[in-house]
Amino acid sequence: FLRNMLATTLSVACPALAGADERINLSLQVASATPITVPKNFTGLGYEMSSVAMPGLLRPGNRRYVELVRGLGPAGVLRAGGIVANYTRYEPTGVSAFDCRNTVITHRDLEGFGEFLGAIGWRAIWSVNFAQGTLDQAVEEARAVAAVLGPRLLALEIGNEVENYGRSQPFRSPTYGYDDYRREFAQWRAAIAKAIPGAAFAAPDTAQSVEWVEKMAQDARGQVQLLTTHYYRNGQKRGDAEQLLHPDARLENVVERIRAASQQAGVPWRLCEMNSFSGGGRPGVSDTFVATLWTLNIMLYLAQSGCAGVNMETGVNQLGFISSYSPIQDDGHGVNTAGAPYYGMLAFAKAFAGCDQMLPLSGFDARQGVSAYAFGAAGKPRSVVIVNMTPRETRASVSALGMEHASVLRLTAPAADSRSGVTFGGAAVDTNGRWTAQARETIHRGQILTPPMSAVVIRARRE
């Protein structure tokens, strides 16, 4: 599919084979809809609980890793949980273990994780073992986590993908349903809240069930501060590049329903675990430039939809290997680097810097495969992002947005299926985990061209 698309891209880019009428023309304007507030900690990364126990990984001494996370923004959320949380126990003075079916978190692990959060300036969501642990163990662990992380603890999770406990994960009876879960959750939450006054909770943390999120929103009544669920475009074996290049009707339905439930309950919602294809991603797709553009585009779409944040899953997965979709890669010898999806998150971070709103735009049709988004502050556009996931060049007018003179950072790669060579602003992330733009254009007369299979971030000049 990617090779065919590249061939099409070349024919469109060649004047001898395609004329200017092949170009997609946009005239972007701010729509009349109300701006959407985007939380400063919208960006997030998700980890299996085993990552917290890995020696030297999420620690302040891992300077390369610290810089990689810092590059994604000054505020964000790390989630420690995943399926491995169902096989994790807290032993304060025990021996750390990070096996996917036998993870042990010690008090020193917690301290190192807390120091890491301090070094990056982010907060955390922490999951206790609701699947196989006891309530007393959960209270002890939660108390220790709250004491060590302090204000860095955003919320506690009670369980991971809980609607599967009676099915694919045999942690409850086959008839286990929402009412059973809700009774258990209420008991656990009450005990933890008694031990940690003022503790915040994220729930229900479902794999896919929107219905459970809707019911939790109705039942929340101040007991839940964050509604959570997971999202993957598809399973590893069923995923392909074409799916990442087109909107997902299922996600649109999920967003519509959860947004309505969130607004009615007055509780924000977050996709606390998400990425391209579950099971570690699809090699040759999830680790290519297609995934870079998909990552950027889906983060923008979710911010526009009122989502409070996303946690892009990264690192070692529940099967014990480094996921191909990981924004932050690992060579197995403690050397971490920026994977292709990282650059999508990086572009989002640079577009969002200094802004707190997303301003709805008109003048384009996302069904053409080109998306446009505007970040701003006080109702005024500060940056525009155009994502062109088609084999056709796009010309956009941004004059109506006050972008007659602005700087441009381009997100490009040698080819759609490139696993390396991805650059943003003409530069790659260096060996120290840092990025600095090397090619910054300036546009005039408010016109910008976006080549096929690429994206641009346009930043207005400060007055």
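Note that this is a predicted model, so its numbers are computed, not measured.

Cut-off values and rules
- Residues numbered from 1 in each chain as written.
- Predicted model: local features only at pLDDT ≥ 70, side-chain atom pairs only at ≥ 80, totals over all residues.
- Heavy atoms only, no water.
- Pairing = 2+ DSSP bridges.
- Helix = DSSP H or I, 4+ residues; strand = E, 2+ residues; numbered from the N terminus.
- Axes fitted to C-alpha atoms, helices over the stretch in contact; angles between N-to-C directions.
- Core = buried A, V, L, I, M, F, W, Y, C linked by side-chain atoms within 4.5 Å.
- Buried < 20%, exposed > 50% of the residue type's maximum accessible area, 1.4 Å probe, protein only.
- Contact = heavy atoms within 4.5 Å.
- Right-handed = clockwise from strand over helix to strand, strands pointing away.
- Phe/Tyr/Trp six-rings, centres within 6.5 Å; stacked < 30°, edge-to-face > 60°.
- Parallel < 35°, antiparallel > 145°, perpendicular 65-115°, else oblique.
- Left-handed = near helix turned anticlockwise from the far one by under 90°.
- Nonpolar A, V, L, I, M, F, W, Y, C, P; charged D, E, K, R; others polar.
- pLDDT = per-residue confidence, 0-100.
- Salt bridge = Lys/Arg side-chain N within 4 Å of Asp/Glu carboxyl O.
- Expected span 1.5 Å × (residues − 1).
- Arc of directions from axis to C-beta.
- Polar contact = N/O pair within 3.5 Å; in protein donor to acceptor, adjacent residues only side chain to side chain.

### Focus on the sheet that holds strand S21 (residues 394-397)
Phase 1 of the analysis: The strand order S1-S21-S25 describes an open sheet built from three strands, whose pairing is mixed. Unpaired on one side and paired on the other, strand S1 (24-27) and strand S25 (447-450) mark the two borders of the sheet. Adjacent strand axes in the sheet meet at a mean angle of 20°, parallel and antiparallel pairs treated alike.
Phase 2 of the analysis: In the sheet, S21 pairs with S25 via four bridges, with the strands oriented antiparallel. For Ser-397, the partnering residue across the bridge sits in S25 and is Gln-447.

### As for the nonpolar core
Phase 1 of the analysis: If you look at the biggest cluster of nonpolar residues, it comprises 123 residues, and the most contacted ones within it are Trp-126, Tyr-181, Leu-302 and Leu-411.
Phase 2 of the analysis: For this core, the element with the most residues is helix H10 (residues 289-304), which contributes eleven residues.
Phase 3 of the analysis: Those residues in contact with Trp-126 that lie beyond four places of it in its chain are Met-49, Val-52, Ala-80, Ile-105, Leu-110, Phe-113, Glu-141, Val-145, Leu-153, Ala-155, Leu-156 and Glu-157.
Phase 4 of the analysis: With 21 residues, the next largest nonpolar core counts Leu-361, Val-398, Val-456 and Ile-458 among its residues.

### Describing the pairing of strand S11 (residues 201-206)
Phase 1 of the analysis: In terms of residue burial, S11 counts as a mostly covered element, since six of its six residues are buried.
Phase 2 of the analysis: Across two bridges, the pairing between strand S10 (residues 153-158) and S11 is parallel. Its bridge partner being in S11, Glu-157 is matched across the sheet by Ala-202.
Phase 3 of the analysis: Handedness of the β-α-β unit built from S11, helix H7 (residues 210-219) and strand S12 (residues 226-235) comes out right-handed.

### Quick word on the sheet that holds strand S6 (residues 88-90)
Phase 1 of the analysis: What the three strands build is an open sheet, ordered S6-S8-S7; its pairing is mixed. Only two strands of the sheet have a single neighbouring strand rather than two, namely S6 and strand S7 (97-99). In this sheet, neighbouring strand axes are inclined to one another by 25° on average, regardless of whether the strands run parallel or antiparallel.
Phase 2 of the analysis: Note: S6 against strand S8 (residues 102-105), three bridges, orientation parallel.

### Digging into the packing of aromatic side chains
Phase 1 of the analysis: Enumeration over the complete set of coordinates arrives at 19 aromatic pairs.
Phase 2 of the analysis: What links up through ring pairs into an aromatic cluster is the set Tyr-87, Phe-130, Tyr-165, Phe-171, Tyr-176, Tyr-178, Tyr-181, Phe-185, Trp-188 and Trp-212.

### Side note on the packing of helix H5 (residues 135-149) against helix H6 (residues 178-195)
Think of two packed helices as two axes; the pair is described by the angle between the axes and how far apart they sit.
Phase 1 of the analysis: The contact between H5 and H6 brings their axes to 9 Å, and the two run at 40°. In terms of orientation, H5 lies oblique with respect to H6. In this structure, H5 meets H6 at a crossing whose hand is right-handed. Of the residues in H6, those touching H5 at Leu-135, Ala-138, Val-139, Ala-142 and Arg-143 are Gln-187, Trp-188, Ala-191, Ile-192 and Ala-195.
Phase 2 of the analysis: For the contact of H5 with H6, the per-class residue count stands at eight nonpolar, one polar and one charged.

### Remarks on the confidence of the model for the protein chain
A low pLDDT score tells you not to read the predicted coordinates there in detail.
Phase 1 of the analysis: Looking at the protein chain as a whole, the pLDDT averages 93, with 95% of positions reaching at least 70.
Phase 2 of the analysis: Considering only residues more than four positions removed or in separate chains, one finds that residues 5-20, a stretch of pLDDT under 50, has 17 contacts.

### What about the pattern of salt bridges?
Phase 1 of the analysis: Enumeration over the complete set of coordinates arrives at 19 salt bridges.
Phase 2 of the analysis: With a shortest N-O distance of 3.2 Å, Asp-205 and Arg-79 are connected by a salt bridge. Here Asp-205, found in strand S11, pairs with Arg-79, found in strand S5 (residues 77-81); they are 126 residues apart in sequence, far enough to count as distant. Each member of the pair, Asp-205 as well as Arg-79, carries the same accessibility label: buried.
Phase 3 of the analysis: Across the salt bridge formed by Arg-89 and Glu-91, the nearest N and O atoms sit 2.7 Å from each other.
Phase 4 of the analysis: One connected set of salt bridges, linked through shared partners, spans Arg-63, Glu-67, Arg-70 and Arg-434.

### With respect to unusual backbone geometry
Phase 1 of the analysis: A cis amide bond links Ala-203 with the next residue in sequence, Pro-204, at an omega value of 5°.
Phase 2 of the analysis: As for its placement among the helices and strands, Pro-204 is situated in strand S11.
Phase 3 of the analysis: Although it is not a glycine, Arg-221 adopts a positive phi angle of roughly 50°.
Phase 4 of the analysis: Relative to the helices and strands, Arg-221 resides in the loop between H7 and S12.
Phase 5 of the analysis: For Ala-378, which is not glycine, the phi torsion reads 55° and is therefore positive.
Phase 6 of the analysis: Looking at where Ala-378 falls in the secondary structure, it is placed in the loop between strand S19 (370-377) and strand S20 (380-388).
Phase 7 of the analysis: Ala-378 gets classed as exposed once you look at its relative accessible area, which sits at 79%.

### Observations concerning helix H4 (residues 107-120)
Phase 1 of the analysis: Under the 1.5 Å per step criterion, the end-to-end length of H4 is 20 Å for 14 residues, consistent within 8% with the ideal 20 Å.
Phase 2 of the analysis: Listing the buried residues of H4 in full gives Asp-109, Leu-110, Gly-112, Phe-113, Gly-114, Phe-116, Leu-117, Ala-119 and Ile-120.
Phase 3 of the analysis: Looking one or two residues past H4, Gly-121 carries a phi angle of roughly 80°, positive in sign.

### Examining H7
Phase 1 of the analysis: Residues of H7 that are buried include every one of Val-210, Trp-212, Val-213, Met-216 and Ala-217, and no others. Seen from one end, H7 has its buried residues packed into an arc of 160°, which puts them on one side.
Phase 2 of the analysis: Those residues of H7 that are buried lie in contact with H6, S11, S12 and helix H9 (249-265).
Phase 3 of the analysis: Capping of H7 at its N-terminal end is provided by Ser-209; its side-chain oxygen lies 3.1 Å from the backbone amide nitrogen of Trp-212.
Phase 4 of the analysis: Directly beyond the C-terminal end of H7, a positive phi value near 50° is found at Arg-221.

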